[in-house]
Amino acid sequence: MLYNRTIVVALQAGLTRAPASTRLLVAVVLFTCALTAGSSFGAAQAPAAEDLPFPQSARRLIAHGRLEEAEALARARPAGDPAAAPVLARIALVHGRYQDAQQLLEDAVGTEPAGEAALELGLLHRQLGRAEAADPLLVRVYRQASAGADGEALLRAARAAHALNRVRDANALYRAAAATGSAAPVQTAWGTLFLEKYNAPEALRSFKQALEADPRWAPAHVGLAQTLIDENPPEAAAAAERALEIDPLLADAHLLLASLDLDNTRYPEARARIQTVLDTNPSHLEARALLAAIAYVKDDRTRFEADVREVLALNPSFGEVYRVAADLSARNYRFDEAVALTRKAIGLDPSNTRAYADLGMHLMRTGDESEARRSLERAFKADPFDRVTYNLLALLDKLEKFEVIQDGDLVLKLHPEEAPVLKEYALPLAREALKRLSATYEFTPKGPILVEIFPQHDDFAVRNLGLPGLIGALGACFGRVVSMDSPRARPPGSFSWQATLWHELAHVVTLQMSNQRVPRWLTEGISVYEETRARPAWGRDMEVSFALALERGQVLKLSDLNSGFTRPETIALAYFQASQLVDHIVQAHGTEGLRKLLRAYGEGLEGETAISRALGVSLDQLQSSFDDAMATRYSAMRAALGGSEGKEPPRPGDIAALREAAAARPGSYQAQLAYGAALAEQGDRAAFEPLERAAALVPVATGENSPHAIMGSLAEQLGDAPRAIKEYLALLSNDHTAVEPARRLAALAAKAGDEQALAAAHERVVEIDPFDAQAHTGLGRLAIQERDLAVATREFRVALAIGPPDRAAAHCDLAKSYLLSGRRDEAKREALAALEIAPSFERAQDLLLRSIEGEAEPARPRGARR
């Protein structure tokens, strides 16, 4: 999402204003040279603790959660031994005894000014906000230890360089230390460096190497969890739990689990985990900051301010207390508040590079891209190794080249190669969506509303998170900013960009209407529900899966619905189930009930309280009525899909067995489909009968293996064009991403002269793949015949912008639409453009003559055939 000595100096001297190509070269060189060595060294198995010299043995005991044994070992050392002080100090720090730790370390530093105690003392001063005391200690450790070849000294130097943000030097020293052994401590610290710079693959590799060397190195388990938290929350939680099995006092593990609880709005559980940390160390700054953040997002400003005062009493420059609150606010959609809180963090600690980087991200999410650039460039100048900051700056460089289309409070940013096409459809669709949604919810969202559409999916991912990836997402909304994949970002037929745009604009309304406090189940549920209201086919691709989940008892309880969005195995189900719940609320309590629920969340109410206030029912009552409604709505489909559990299906090629199974189970969708598909595979017309039964049992089935898709293909194979047209039309009525069947339908309908089917086919192709010039041309010619000249002109103009194979003909098509519209000068221009390509083109010559003479070709009567 990026880093030889000369380049680092150049960056630190102010290369932040360099153009994107320069930054890219710098980033590639820096990242390749400095941050890709995590896997260069194998992880040898470490000796047992009793075989290690004192400092290493004590360190291992601490990493294994055996603090009492480590303390006993340290106290058994000779009096005044400087090696014992860092061990005892680390144990004191676990319990928050900062003064005791400081005294122990200061006494040892007098004996070894650049030893382990000096490092630990420098780190402690840093932790407590005393940079002026910390930095001389850390610099001395770094300079003296890095000159040696001893592994312990190299690790010490690496950690000092790391703390001083000398990233390249730290990376080189970790590499050198890893070559000497000590795999677990070195790889864990190295992995932390990678993680801080958002290099998750190398971080993951380092933590895994640490655990290969020592499976009980608890900090490596936590590092693994921190690396996985965004991509795989369940596995992250499991890694944190493994760390706590080894060391129940490990604060970072507890806080990671608390963070996951917060993602699932389990606030009591999160507070309990944080309190576990504070019971051991009442002065734990990160734990107190997270507790303050919870108070903030729960709108308990009195508690928040009190928590902040307690944190600042421990470290007056600990701006993290505000940055953490800003981060949690952003995770709860409250981006304007995140901006204000992060500015407070910077005010307390102007050296907090992470805060400047976060501020840039938050500002991008509020749509202030110029101010975001200033903040990000300041962060990049201080830390050119942060991949997220680099990626966001590179993205802003790209966005400067996008075409901006503004219509009132609606602002579209489109890639210059896509703008001539997408602006013809995205802008009217967005206007329609906002108008209808505003009317439904009796709410006009605050603008400007910025919509950015990216032809490269990784650019979309970076726009949202600062890193490429985000594989499953199609769009994102931050309240006033929408970003999404363009139709070219994914293969045609894999998604509907129009449904995505409508979905995200529904979020604009629900987020703003609820003061950014709507729970995820409700905002996602409304967005999917509104997709279905806008175009019924948009919401049908999960109906069969949901019916199967009902049949198998796998639907989520309403109390667990929010957490379903954070588990990879349930996220698709959660989206659809939430939409069904919203539909049920509307059916039972009216649209006004839904509006009341959004307003209740906007007033700060939560969970069952909001539901009770708005709907007049308890959560249990809502669960009961929802279950009843779903049982009724999906009873027929469940019956058709069920009944085959535990039964061995016939082999696909065993026609006799498939026939027997279909006859024995006439109400089984799977039995009829399997039999029909097998017959169709052989080109047997008899396939239509079981496939028709299957289609009747589950009319909303979609995909290339659905009954209508198979029957359409079979009819084509048999030369039965009318039947194929009928089946493809039936498929398109439910399958909103079926682009290849739509193209086949267009070919069939054109040959058959079926203009109604031809129009439906072209319209569907244009909806899914607006960069298909042939479909636009087809629609334009149909519109000409119907004298819908505005549509004809638009379609011909778009076809020409895409670059059709026959550009001369495309210019003539557009000229004709202009001529019929009375726009003679524009018609003349297009006819001349065609003649420049094909000087003897009679059609172009005729159109030129007509445009000069002012004679328009009359449109043929409705319903006439060529």
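This text goes with the structure placed above it.
The rules behind the values
Residues numbered from 1 in each chain as written. Predicted model: local features only at pLDDT ≥ 70, side-chain atom pairs only at ≥ 80, totals over all residues. Heavy atoms only, no water. Buried < 20%, exposed > 50% of the residue type's maximum accessible area, 1.4 Å probe, protein only. Helix = DSSP H or I, 4+ residues; strand = E, 2+ residues; numbered from the N terminus. Pairing = 2+ DSSP bridges. Contact = heavy atoms within 4.5 Å. Phe/Tyr/Trp six-rings, centres within 6.5 Å; stacked < 30°, edge-to-face > 60°. Lys NZ or Arg CZ within 6 Å of the ring centre and 35° of its normal. Salt bridge = Lys/Arg side-chain N within 4 Å of Asp/Glu carboxyl O. Expected span 1.5 Å × (residues − 1). Arc of directions from axis to C-beta.

Before we go on, may I ask you to explain the pairing of strand E5 (residues 481-485) in this structure?
Along any regular strand the residues' side chains alternate between the sheet's two faces. Where burial is concerned, most of E5 is hidden: five out of the five residues are buried. Side chains of E5 alternate between two faces, with Val481, Ser483 and Asp485 and Val482 and Met484 buried alike. Taking the residues that link successive antiparallel strands as the turn, the strand E4 (residues 475-477)-E5 hairpin has three residues, and the phi of Gly479 there is positive, at about 110°.

I keep staring at the pairing of strand E1 (residues 403-407) and nothing clicks. Help me out?
Both E1 and strand E2 (residues 410-414) contribute to a ladder of five bridges, which runs antiparallel. Across the sheet, the residue bridging to Asp407 is Leu410, located in E2.

What is the right way to look at the side chain of Thr188 in this model?
As for its placement among the helices and strands, Thr188 is situated in helix H11 (residues 183-196). Excluding its chain neighbours within four sequence positions, the residues that come into contact with Thr188 are Ala183, Phe207, Ala210, Trp217, Pro219 and Ala220.

Please clarify how the packing of aromatic side chains should be interpreted in this entry.
Aromatic rings in a pair are described by how distant their centres are and how their planes are angled relative to each other. Under the defined criterion, the tally for this structure stands at 11 aromatic pairs. The interplanar angle of 55° and the centroid separation of 5.7 Å between the aromatic rings of Phe402 and Phe454 together place this pair among those described as tilted. Placement of Phe402 in the loop between helix H23 (387-399) and E1 and of Phe454 in strand E3 (residues 449-454) is noted, with a sequence separation of 52 residues between them. Summarising the burial analysis for this pair, Phe402 and Phe454 share the class buried. Their ring planes at 75° and their centres at 5.1 Å tell us that Phe565 and Tyr575 sit as a pair that is edge-to-face. Taken together, the residues Phe565 in the loop between helix H29 (561-564) and helix H30 (571-602) and Tyr575 in helix H30 connect sequence positions 10 residues apart. Classification of Phe565 as buried rests on a relative accessible area of 4%. Aromatic ring contacts, followed pair by pair, group Tyr174, Trp190 and Phe194 into a single cluster. Geometry around Tyr296 places Arg301 over its ring, the cationic atom sitting 3.8 Å from the centre.

Help me out: how do you make sense of the pattern of salt bridges in this one?
For side chains bearing opposite charge, pairing can occur when the charged atoms are close. Going through the model one piece at a time under the given rule, you end up with 74 salt bridges. When the shortest N-O distance is used, the salt bridge between Arg480 and Asp336 registers 2.8 Å. Taken together, the positions of Arg480 in the loop between E4 and E5 and Asp336 in helix H20 (residues 335-348) put the pair 144 residues apart, joining distant regions of the chain. Under the relative-accessibility criterion, Arg480 is labelled buried at 16%. Residue Asp336 is classed as partly exposed on the basis of its relative accessible area, which comes to 45%. A salt bridge links Glu692 to Arg723, with the nearest nitrogen and oxygen atoms 2.6 Å apart. Of the two residues, Glu692 is situated in helix H36 (residues 688-697) and Arg723 in helix H38 (residues 721-734); the sequence distance between them amounts to 31 residues. Through salt bridges with shared partners, a single ionic network connects Arg90, Glu116, Glu120, Arg156 and Arg159.

I keep staring at the environment of Gln623 and nothing clicks. Help me out?
Relative to the assigned elements, Gln623 resides in helix H32 (residues 619-633). Sequence separation between Gln623 and Gln127 is 496 residues; the distance between their C-alpha atoms is 48 Å. Gln623 has contacts with Lys557 and Leu558, leaving out every residue within four places of it along the chain.

Explain H32 here, please?
Three or four residues apart is the spacing at which side chains of an α-helix point the same way, because the helix has 3.6 residues per turn. Here H32 is 15 residues long and its end C-alpha atoms lie 21 Å apart, about the 21 Å a rise of 1.5 Å per residue gives. Regarding H32, the residues found buried are Leu622, Gln623, Phe626 and Met630. Angular distribution of buried residues about the axis of H32 spans 100°; they occupy a single face of the element. Counted as exposed and oriented over 90 degrees from the buried face of H32: Asp620 and Thr632.

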